[in-house]
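Letter by letter, the chains look like this.
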Amino acid sequence: MFFTVAAFFLIVIVIFQIAKATEYVSVLKGEEQSFKQSNKVNGVLMIVFLILGLIGVYWCNKLLYPRMTFREGSASIEGEQVDKLFWITLILTGIVFFATQILLFWFAFRYQYKENRKAFYFPHNNTMEIIWTSVPTIVLLIMIVYGLRSWFLFTGDAPKGAMQIEVTGHQFGWEFRYPGEDGVFGKKYFKDIDPANSNTLGLIWQDNAALKQKADPATFDDIIISGTMYLVKNKPVELLINSQDVIHDVGLPQFRMKMDAVPGTPTRLWFTPKYTTEEMRKITGNPHYTYELACDQLCGNGHYSMRAVIEVVTQQEYDVIMAKQKPAYFRAFPDKDPSNQQPAAATDSTAAPGAATALRAAHDTAALALR
Amino acid sequence: MNNEAVLQAGAATLHVAGDHGEAHHHHKQSFITKYIFSQDHKTIGKQFLITGIIWALIGGFMSVLFRLQLGFPDTSFPWLSTVIGHWAKDGHITAEAYYSLTTIHGTVMIFFVLTGGLSGTFANFLIPLQIGARDMASPLMNMLSYWFFFTASVIMLSSFFVETGPFAGGWTAYPPLSALGDASPGSKTGMDLWLASLILFVVSQLLAGLNYISTVLNMRTKGMSMMRMPLSTWGVFLQAVLGVLSFPVLFAGFILLIFDRHFGTSFYLSDIYIQGVGALPHEGGNAILYQHLFWFLGHPEVYIVILPAMGIVSEVMSTNGRKPIFGYSAMVMSMFAIVVLAFLVWAHHMFVTGMNPFLGSIFVLLTLLIAVPSAIKVFNWLTTLWKGNLRFTPGMLFAIGFVSVFISGGLTGIYTGNSAIDIHIHDTYFIIAHFHLVMGVAAFFGMFCGVYHWFPKMYGRHMNNTLGYIHFWVTLVGAYLIFWPMHYEGLAGMPRRYYDYSSWESFKQFVELNRFISICVIITFAAQFLFLFNFFHSIFKGRKLTVKNPWKSNALEWTTPINVGHGNWPGEIPEVHRWPYDYSKDGHDFIPQTVPVGEEDNPLYTSAEFTGIKVEEEPAKAHTKAHA
């Protein structure tokens, strides 16, 4: 630390001495002479910067390209369009980038001050102006058309048969709700949120006179999983996105998708996962590869830790995982859980399945009523 | 308003009517009226500049602090705890301090440095000098605009010393985070001070902007038609138009936010449950409404920042290229197109808020179209350099550097503006790289370009060129080393505004890269001290100017004496006969705007005295002698 500071001051002092010296030299040699000299140095530096810069661009790309996700490509089918549009844009802007930067620094070097050269009086040329107004306009319009086609696909309706998952962000974590057996999300209200009684999302489980609510039976089988989202390979999924407190954002870098979670204003997003997590680990050769859901909208001091894991699995694996989940309702009301009632009602072995059937029937009517 | 009347109205005591020749020397000014509560546009410009420099230093140092955290998340810096106390525990800045630093860094850089410091400086300093006016239309309003800015600065600074810390919700201050003190400690008193500061800043901008506009429209000297104004004046004029039309919308947004914070309204709030607090009563508001109001200013704001820089660069490039700016009217028209389109693209910051897809598509169209005028400007700059005779003064170097970073940052705008790509890179490091290059570094380069170029006019002395060269090359290389690799991080999806990436499987491969970037930040920041030293040292010790017109420029400001008094021209205001870009025309190296058309070869107008390149002996002495 000390040496760094000392070295820094040493460098500063040296630079100031050089600067002072050049000022004296310019007085001795005459301003004109020292101007010409420094002009040459800067002219050469222009071309040096250009060449080193181009080498740097190549080298940076070589070093960093493998660390991005473009090698294995998008992990969702729709995200492929993002990648394709990205490559088209990269090629077009790349041409402009290299052409203009090379011209800029080449002109700077080539046309540096020479005593006997006269600058070319060239105030305007309409043909040139028209060319470089219309060509960029046309190119940009092509990119707009390309981009909007994908945009309307992404923001359009999810395909029929897509599974639905409700994603809720809060400071600082994610909750995922699955509709359960009935395929219907029960109603919820933010004033019913009560984490102390396991109601993390405010599902309307009970009648509430103060809030003029009637219990929604469709909530009884909703499954809530915290921190991990399970998706099925090749099955489109529609995320219904909510926030409980401030604006969050569902960022899915590997799937190339993103959508804000806004309190009071639900949003949605859909895509189709292409590879399971296991497959991706093989493709990348990284045994720790994980799909991650990152919060992409500053949401407070814990923003950076607002992480969820996404497990993409096959349909069979998914069914096994889901079969193990218990509806959140039973966490709040363990006495209503049929598996808890089993030992008490052991004498009447038909009671438990009977209750479950009754429950399911209630869901079905509720689901019908909602439709 | 009559040009002479301005000085009489604004500084009646300072001016003897009918005796303009001696006018500015009759000022009996105390230190306070001359340097502090001055109504001279030049002094006010310098006040904006120095305040801006101080803020740039503070804002830059903040970026060093948070880059230390990003680059060295596992290293402890005990000196940090010594310097900033409990904001740095065990030698690490806390997450709370990190978010405050990034927030205030963004706020002060964009508003105080690049709006106040850049356009405030050059609009004030250049407009009257370049259009031939004795001062602004209202020198008093002009002075007030600075003092509102100053008060805003002091309030912003004071928010560092409140117990709950400065605001920490990002410079965009999206509610509900910014509205609820329970959601973030920074949203308590710190946010109130932040809002108070920015509201005063808006007032300052409106006072200043109205003044710039009325001055340019009404007070041009004889012969100075709009299409004969230097592009630097066009730049600051058009940014003022943008500011006057968009800042009030931000003001409205802030007022609603204050109501939501303190008076129980629900403009932006609905359905909120804060853990540990419970459900809030607000219902029916919409958090996205604020974003519309914010970005209605927020997007024009980036053009408010870049238009003056574009104008300055055009002027400096033409002067030092000894060649007229190519396509003057195309340059003006494209700036005009930017002003109009700037109001129609704001929602491209909101593609992922769940907005109506059709609305989004309109904003894609308009956003990508705004690239066209920017492209025209770049091609015109390149053609200006072509077959020129380039003198690499430090100002010229920064002009060339500006074009380079503007190209690099501008092209990535085509990615971010296309919603289908934005959906992947939104709020990642790609965005950081994009806007820092295109409006952060570029606007800073425009500012440096202007300071190096007009320093002789400001202080009657030269800055040291060698220090300027070193400053430029280190800064240019540093800026690219810092921001170029960030594109890769962003394309990998690495989110902005993260305090620590080490627990993320998808982003932790960038640990070494972050360290490299942080080291570059420290070196580049250190290089700025070369500028600081050069600037302040040269004010007092720089080589004195021996000629009025050191750059052999055509523009009107160089026809004023080396040490300009209040009132700008000792005699009559010169009449203008031509545009300011007659360089290398018909065998003349330069033809000042004051030379009548057809009189280019008249010895009266080619004399060293008239063109301002006559060496004045002991300028200071001659100056006092003449008026003794």
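Since the model is a prediction, treat every value here as computed from it, not as a measurement.

## A closer look at the overall build of chain A
So, point 1. Scanning chain A for helices and strands turns up nine helices and ten strands.
So, point 2. By the compact-globule yardstick of 21 Å for 371 residues, chain A is too spread out, its C-alpha radius of gyration being 32 Å.
So, point 3. Its C-alpha atoms give chain A principal-axis dimensions of about 110 × 60 × 45 Å.
So, point 4. By residue count, 37% of the 371 residues in chain A fall in the buried class.
So, point 5. For chain A, contacts bridging at least 24 residues in sequence account for 67% of all contacts bridging at least 6.

## Some remarks on the interface of chain A and chain B
So, point 1. With 95 residues of chain A at the contact, the number on the chain B side is 104 residues.
So, point 2. Mapped by element, the contributors of at least two residues to the side of chain A that touches chain B are helix 1 (2–29), helix 2 (31–64), helix 3 (79–110), helix 4 (126–155), strand 6 (248–252), strand 7 (257–261) and strand 9 (291–295) of chain A.
So, point 3. Sorting elements by how many residues they give to the side of chain A that touches chain B places helix 4 of chain A first, with 15 residues.
So, point 4. Partitioning the side of chain A that touches chain B into residue classes produces 48 nonpolar, 32 polar and 15 charged.

## Focus on the packing of helix 9 (residues 231–262) of chain B against helix 11 (residues 328–342) of chain B
Residues and elements named next belong to chain B.
So, point 1. Direction vectors running N to C along helix 9 and helix 11 enclose 15 degrees, while the axes themselves pass 10 Å from each other. On the basis of the axis angle, helix 9 is roughly parallel to helix 11. Of the two elements, helix 9 crosses helix 11, and the hand of that crossing is right-handed. In contact with Leu231, Trp234, Gly235, Leu238, Val241 and Leu242 of helix 9, helix 11 contributes Met331, Val332, Met335, Phe336, Val339 and Ala342.
So, point 2. Of the residues assigned to the contact of helix 9 with helix 11, the class counts are eleven nonpolar, one polar and no charged.

## Focus: the nonpolar core
Residues and elements named next belong to chain B.
So, point 1. In terms of nonpolar packing, the biggest core is built from 271 residues, with Ala309, Phe402, Ala442, Ala443 and Cys449 touching the most fellow members.
So, point 2. The element best represented in this core is helix 16 (residues 429–459), accounting for 21 residues.
So, point 3. Ignoring sequence-local partners within four residues, the contact set of Ala443 consists of Leu114, Leu118, Val305, Ile306 and Ala309.

## With respect to the confidence of the model for chain A
Residues and elements named next belong to chain A.
So, point 1. Of the residues in chain A, 91% have a pLDDT of 70 or more, and the chain-wide mean is 88.
So, point 2. Note that pLDDT drops below 50 for residues 345–359; the model gives that stretch eight contacts with residues more than four away or on any other chain.
So, point 3. Every residue in residues 364–371 is under pLDDT 50, and counting partners more than four places away or in other chains gives nine contacts.

## Observations concerning unusual backbone geometry
So, point 1. In this structure, Phe172 of chain A follows Gln171 of chain A across a cis peptide bond, with omega equal to -5 degrees.
So, point 2. Note that Phe172 of chain A resides in the loop between strand 1 (163–170) and strand 2 (173–178).
So, point 3. Backbone torsion omega between Pro175 of chain B and Pro176 of chain B reads 0 degrees, so that peptide bond is classified as cis.
So, point 4. Turning to its location among the elements, Pro176 of chain B is positioned in the loop between helix 7 (139–158) and helix 8 (189–218).
So, point 5. Of note, Arg322 of chain B is a non-glycine position whose phi angle comes to about 50 degrees, a positive value.
So, point 6. Within the fold, Arg322 of chain B resides in the loop between helix 10 (287–321) and helix 11.
So, point 7. For Arg322 of chain B, a count of 22 C-beta atoms within 10 Å translates into the label buried.
So, point 8. One non-glycine residue, Asp427 of chain B, adopts positive backbone phi at about 60 degrees.

## Some remarks on the sheet that holds strand 8 (residues 267–271) of chain A
All names here are of chain A.
So, point 1. Strand order across the open sheet formed by five strands is 3-2-1-5-8, with mixed pairing between neighbours. Each end of this open sheet is capped by a strand with a single partner; those strands are strand 3 (223–226) and strand 8. Neighbour-to-neighbour, the strand axes of the sheet open up by a mean angle of 25 degrees, direction not taken into account.

## Topic: helix 18 (residues 511–541) of chain B
Since the α-helix advances by 3.6 residues per turn, residues separated by three or four positions end up pointing in the same direction.
So, point 1. Its 31 residues give helix 18 of chain B an end-to-end C-alpha distance of 45 Å, which sits within 8% of 45 Å, the value for a rise of 1.5 Å per residue.
So, point 2. Of all the positions in helix 18 of chain B, only Asn514, Ile517, Ser518, Cys520, Val521, Thr524, Leu530, Phe531, Asn534 and Phe535 of chain B are classed as buried.
So, point 3. Buried positions along helix 18 of chain B lie against helix 1 of chain A together with helix 4 (41–71), helix 16 and helix 17 (465–491) of chain B.

## Focus: the pairing of strand 1 of chain A
Residue and element names in this part refer to chain A.
So, point 1. In terms of residue burial, strand 1 counts as a mostly covered element, since six of its eight residues are buried.
So, point 2. Note that strand 1 and strand 2 share five bridges and pair antiparallel. What sits directly across from Val167, in strand 2, is Phe176.
So, point 3. Counting the residues between successive antiparallel strands, the hairpin from strand 1 to strand 2 contains two residues.

## Some words on the sheet that holds strand 9 of chain A
Residues and elements named next belong to chain A.
So, point 1. Overall, mixed pairing links the five strands, which are arranged 4-10-9-6-7 in an open sheet. Among the strands making up the open sheet, the edge pair consists of strand 4 (228–232) and strand 7. Put simply, the sheet's adjacent strands are angled 25 degrees from each other on average, direction ignored.
So, point 2. Across five bridges, the pairing between strand 4 and strand 10 (residues 307–313) is parallel. In the sheet register, Thr228 faces strand 10, and the bridge partner there is Val309.
So, point 3. Of the strands in this sheet, strand 4 and strand 10 touch helix 6 (residues 315–324), which is tilted by about 140 degrees from strand 4.

## Looking at the packing of helix 14 (residues 394–416) of chain B against helix 16 of chain B
Residue and element names in this part refer to chain B.
So, point 1. The geometry of helix 14 relative to helix 16 is characterised by a closest axis approach of 8 Å and an angle of 160 degrees between their N-to-C directions. When the interaxial angle is binned, helix 14 and helix 16 end up roughly antiparallel. Seen from above, helix 14 lies across helix 16 with left-handed handedness.
So, point 2. When grouped by side-chain class, the residues that make up the contact of helix 14 with helix 16 number 16 nonpolar, eleven polar and no charged.

## Observations regarding the environment of Val352 of chain B
So, point 1. By secondary structure assignment, the location of Val352 of chain B is in the loop between helix 11 and helix 12 (357–369).
So, point 2. With 42 residues separating them along the chain, Val352 of chain B and Pro394 of chain B place their C-alpha atoms 42 Å apart.
So, point 3. Setting aside residues no more than four positions away along its own chain, Val352 of chain B makes contact with Asp249, Lys258, Met259 and Asp260 of chain A together with Ile423 and His426 of chain B.

## Description of the confidence of the model for chain B
All names here are of chain B.
So, point 1. Predicted confidence across chain B gives a mean pLDDT of 91, with 93% of residues reaching 70 or more.
So, point 2. Note that residues 9–26 has pLDDT below 50 and, in this model, 31 contacts with residues that lie over four places away or in other chains.
So, point 3. Scored by ipTM, the complex comes to 0.91, with pTM at 0.92.

## Observations concerning the pairing of strand 7 of chain A
Residues and elements named next belong to chain A.
So, point 1. For strand 7, the tally of buried residues reaches five of five residues, placing the bulk of the element in the interior.
So, point 2. With burial as the criterion, each face of strand 7 is covered, one bearing Met257, Met259 and Ala261 and the other bearing Lys258 and Asp260.
So, point 3. Sheet analysis places strand 6 next to strand 7, joined by five bridges and oriented antiparallel. When the sheet's bridge partners are listed, His248 is paired in strand 7 with Ala261.
So, point 4. Counted between consecutive antiparallel strands, the loop separating strand 6 from strand 7 contains four residues, among which Arg256 sits at a positive phi close to 60 degrees.

## Digging into the environment of Ser178 of chain B
All names here are of chain B.
So, point 1. Mapped onto the secondary structure, Ser178 falls in the loop between helix 7 and helix 8.
So, point 2. With 28 C-beta atoms counted inside 10 Å, the residue Ser178 sits in the buried group.
So, point 3. Through-space distance from the C-alpha of Ser178 to that of Val597 is 60 Å; in sequence the pair is 419 residues apart.
So, point 4. Among all residues touching Ser178, those that are not within four sequence positions of it are Gly169, Ala173, Ser187, Met191 and Leu257.

## Quick notes on the environment of Ser158 of chain B
Residue and element names in this part refer to chain B.
So, point 1. Tracing the backbone through its elements, the reader meets Ser158 in helix 7.
So, point 2. For Ser158, a count of 15 C-beta atoms within 10 Å gives the class partly exposed.
So, point 3. As a C-alpha pair, Ser158 and Asp182 span 24 residues in sequence and 21 Å in three-dimensional space.

Reading the values: rules and limits
- Residues numbered from 1 in each chain as written.
- Chains lettered and ligands numbered in written order.
- Predicted model: local features only at pLDDT ≥ 70, side-chain atom pairs only at ≥ 80, totals over all residues.
- Helix = DSSP H or I, 4+ residues; strand = E, 2+ residues; numbered from the N terminus.
- Rg over C-alpha atoms; globule rule 2.2 N^0.38 Å.
- Buried ≥ 20, exposed ≤ 12 C-beta atoms within 10 Å, placed from the backbone.
- Contact = placed C-beta atoms within 7 Å.
- Nonpolar A, V, L, I, M, F, W, Y, C, P; charged D, E, K, R; others polar.
- Axes fitted to C-alpha atoms, helices over the stretch in contact; angles between N-to-C directions.
- Parallel < 35°, antiparallel > 145°, perpendicular 65-115°, else oblique.
- Left-handed = near helix turned anticlockwise from the far one by under 90°.
- Core = buried A, V, L, I, M, F, W, Y, C linked by C-beta atoms within 7 Å.
- pLDDT = per-residue confidence, 0-100.
- Pairing = 2+ DSSP bridges.
- Expected span 1.5 Å × (residues − 1).

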